[in-house]
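# A structural walkthrough
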Protein chains: 2
Amino acid sequence: MNFQQLRFVREAVRRSFNLTEVAAALYATQPGVSRAIKELEDELGVELFVRRGKRLVGLTEPGRALIDVVDRMLTDAQNLRRIADQFSGDDAGGLILATTHTQARYALPPVIKQFKGRYPRVHLGLHQGSPQQIAEMVSKGQADIGISTEALDTFADLLTYPCYIWHHAVIVPTGHPLVDFGMLTLDAIAEYPIVTYDEAFTGRSHIDAAFLRAGLAPDVVLTAIDADVIKTYVEVGLGIGIVASMAYDPARDQSLELLDSRHLFEPNTTRLGVRKGSFLRGYMMEFIRLFAPGLGADDLASLAEPRAA
Amino acid sequence: MNFQQLRFVREAVRRSFNLTEVAAALYATQPGVSRAIKELEDELGVELFVRRGKRLVGLTEPGRALIDVVDRMLTDAQNLRRIADQFSGDDAGGLILATTHTQARYALPPVIKQFKGRYPRVHLGLHQGSPQQIAEMVSKGQADIGISTEALDTFADLLTYPCYIWHHAVIVPTGHPLVDFGMLTLDAIAEYPIVTYDEAFTGRSHIDAAFLRAGLAPDVVLTAIDADVIKTYVEVGLGIGIVASMAYDPARDQSLELLDSRHLFEPNTTRLGVRKGSFLRGYMMEFIRLFAPGLGADDLASLAEPRAA
DNA sequence: TATCCTTACGGAATTCGTAAGCATG
DNA sequence: CATGCTTACGAATTCCGTAAGGATA
């Protein structure tokens, strides 16, 4: 048994059993992967993969039983390296964030700037995706920290923590009738075509819930995954927008106006998630501390000892 | 990084950093061990061991931080093999019990007989030791199941379960004055020299506690770790014995008499312990079921999924 | 001086890639 | 017929043991 074999097995599961892809992903050749997997199966005395003809199509029952252990072993191998790097003292390393456009565009820039100042030698990777994809990336160890307002709790092997609370706001073109409406109401908003986030993005569920509670069926004419796109279409006059208030920049968005809507929609909590069992290097903890200053010392401690948590 | 290196590191810690011993224990040569460890340290970029001159004398701080992960990885490697064996279906394998003389001699024989009947191809190993040694053997993975009345909870990484309850009894040579004494008292016993178990063995603490509570200081003239030795010396007339009642066999021990003492000493609970995180093969579970029939289905389930527990 | 680790060298074993072959959708 | 796995062969690498050397209790 060796680590290469385990890596191949894990990757085969991730890449839906296409060994050619596995080989490409892990810088090996396909016959090498094929053989390594077979050798592991021989050594263990069970077939891990179901073969249809010559192709692999799934995990056998023993395969399913073993894959979690394999996963943990490889995570531990990574932990070993990380802990060692931690002690070797240099601040070099990698930090891969998985996050939505909203966070990447509006919430993260100041934090990342500060972080980079303190850890200039850490290579930062920013992976964007849907909340589900984010949760999956962290859960699979492809990202170190996931940041999102939704769905982070859909994977059991994530530890998540609240970071900050934000609100939705309505944006309208300057001169729009709603500007002088006074205290906004859902009814008033529902009179106009609406441009907002895609389902499952950036608190969209709270928007829907508010209208549903009020018995309203607003006309959502366009959805997008990011506020920049939404603002663009609001500027063009397609309708009024509902976005995260932090997406509005008075200096840049002079053709738009922000209307306070805190009283209309449930507040949203952006959460951060890390994979259970993954060791977090010192600078990762520091990043979390920067991004979620509200996290208590005990929360951070539980992150540092993920096995005990 | 490879498993051989990890094994060497783990064994080095266990063998108090004597690499020559490590090599002997793992069927390798000392230079090989030396080199493998150094290569791992190079790869990780930290020294795991403190060297005084050319000798290894302890773990460095990073070494201490890493050793637990190394341990877990090797346990997982073993789990992998066990789970695979489990599925490959054959009932061959090994089961190493760590236990005291008392259990091995009096409690285990019928269970082992039954077990062997059902799993003739499982190789049984019986390691004897003090309760502390037993706990250690299980904790280090040198034994699969530890059985003892004491000390099993001194290691945090053991899961323990009660198996059965037993009592101490007084044994005397036939014709001894105490035979006709009627209901025994601690005072009456304390009149005679006593032969019983060593400290830390077979419920000895309960014996001491009873006398202490009664304000008595009995004359313990000889201690031994097993009832066979104790009985021998009682037969010779060295004193009266206090042993586990199951150690008395009316047929074999015709020169001795057993005096009921259930009312004098706290009852003892023999416990069974397994290592957290170790996968238990089907026949191991079956052994536990045979030895501790009182264990509930949920207890057994929690044993089957040690990581979740 | 015995114990214990290191270094140096050489052979054995393992690993891995290339090339060719074959089954399947 | 393109995709994807297997087999065969050979080269490169890694692994590991023997032998000799040096430091320490």
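Everything that follows concerns the structure shown earlier in this document.
Residues numbered from 1 in each chain as written. Chains lettered and ligands numbered in written order. Predicted model: local features only at pLDDT ≥ 70, side-chain atom pairs only at ≥ 80, totals over all residues. Heavy atoms only, no water.

### Examining the interface of chain B and chain A
Counting residues at the interface gives 27 residues for chain B, matched by 27 residues for chain A. Overall, the association of chain B and chain A removes approximately 2400 Å² of surface from exposure, summing both partners, and the carbon and sulfur fraction of that is 77%. By the criterion of area lost to chain A, the three top residues of chain B are Phe3(B), Leu80(B) and Phe87(B), representing 26% of everything that side buries. Viewed at the interface, chain A and chain B are joined by 4 salt bridges. A salt bridge links Asp76(A) to Arg72(B); its shortest N-O distance comes to 2.8 Å. Remark: the boundary between chain B and chain A carries 4 residue pairs in polar contact (both at pLDDT 80 or more). Of all the secondary structure elements, the ones that give two or more residues to the side of chain B that touches chain A are helix H1 (3-14), helix H3 (30-44) and helix H4 (61-88) of chain B. In terms of residue count, H4(B) provides more of the side of chain B that touches chain A than any other element does, 18 residues in total. Split by residue class, the side of chain B that touches chain A holds 16 nonpolar, 4 polar and 7 charged. (Contact = heavy atoms within 4.5 Å. Buried area = accessible area lost by both parts, 1.4 Å probe. Salt bridge = Lys/Arg side-chain N within 4 Å of Asp/Glu carboxyl O. Polar contact = N/O pair within 3.5 Å; in protein donor to acceptor, adjacent residues only side chain to side chain. Helix = DSSP H or I, 4+ residues; strand = E, 2+ residues; numbered from the N terminus. Nonpolar A, V, L, I, M, F, W, Y, C, P; charged D, E, K, R; others polar.)

### Structural notes on the packing of helix H5 (residues 101-118) of chain B against helix H9 (residues 227-235) of chain B
Residue and element names in this part refer to chain B. Two elements in contact, H5 and H9, have axes separated by 9 Å at closest approach and are oriented at 90°. When the axes of H5 and H9 are compared, the pair comes out roughly perpendicular. Contacts between H5 and H9 pair His101, Arg105 and Tyr106 from the former with Ala227, Asp228 and Lys231 from the latter. Of the residues in the contact of H5 with H9, the class split is 2 nonpolar, 1 polar and 3 charged. (Axes fitted to C-alpha atoms, helices over the stretch in contact; angles between N-to-C directions. Parallel < 35°, antiparallel > 145°, perpendicular 65-115°, else oblique.)

### Looking at the packing of aromatic side chains
All names here are of chain B. Across all of its chains, the model carries 17 aromatic pairs over all chains by this definition. Ring geometry for Phe17 and Phe49: centres 5.9 Å apart, planes at 70°, overall edge-to-face. Of this pair, Phe17 sits in the loop between H1 and helix H2 (19-25) while Phe49 sits in strand E1 (residues 49-52), and the two are 32 residues apart along the sequence. The two residues Phe17 and Phe49 agree in class, both being buried. On the basis of an interplanar angle of 80° and a centroid distance of 5.5 Å, the ring pair of Phe115 and Phe287 is categorised as edge-to-face. (Phe/Tyr/Trp six-rings, centres within 6.5 Å; stacked < 30°, edge-to-face > 60°. Buried < 20%, exposed > 50% of the residue type's maximum accessible area, 1.4 Å probe, protein only.)

### Considerations on the protein's contact with DNA strand D
Around DNA strand D sit 20 residues in total, of which Gln30(A), Ser34(A), Lys54(A), Arg55(A) and Arg35(B) are the nearest. Sugar plus phosphate: this is where 57% of the atoms of DNA strand D within 4 Å of the protein reside. Separating a phosphate oxygen of DNA strand D from a backbone N or O atom of Phe17(A) is a distance of 3.2 Å. At a separation of 2.7 Å, a phosphate oxygen of DNA strand D approaches a polar side-chain atom of Thr29(B). (Near = heavy atom within 4 Å.)

### A few points about the packing of helix H5 (residues 101-118) of chain A against helix H10 (residues 282-291) of chain A
All names here are of chain A. H10 packs onto H5 with a crossing angle of 130° between their chain directions and a minimal axis gap of 10 Å. Here H10 runs oblique to H5, going by the angle between their axes. Classified by chirality, the crossing of H10 by H5 is right-handed. Judged by residue contacts, Gln103, Ala107, Leu108, Val111, Ile112, Gln114, Phe115 and Arg118 of H5 engage Tyr283, Glu286, Phe287, Leu290 and Phe291 from H10. Split into classes, the residues belonging to the contact of H5 with H10 amount to 9 nonpolar, 2 polar and 2 charged. (Left-handed = near helix turned anticlockwise from the far one by under 90°.)

### Here's the deal with the pairing of strand E12 (residues 268-275) of chain B
Residues and elements named next belong to chain B. With 6 of its 8 residues buried, E12 lies for the most part within the structure. Where strand E6 (residues 158-166) and E12 come together, 8 bridges link them in antiparallel fashion. Pairing of Thr160 across the sheet is with Gly273, part of E12. (Pairing = 2+ DSSP bridges.)

### A short note on the relation of the copies chain B and chain A
Overlaying chain B on chain A yields an RMSD of 0.1 Å, the required transformation being a rotation through 180° with an accompanying axial translation of 0.0 Å. This pairing of chains is accounted for by a two-fold axis. The rotation axis passes nearest to the C-alpha of Met73(B) in chain B, at a distance of 2.8 Å. Most of the interface of chain B is mirrored in chain A, where 100% of its interface residues are also at the interface. (Least-squares fit on C-alpha atoms with pLDDT ≥ 70 in both.)

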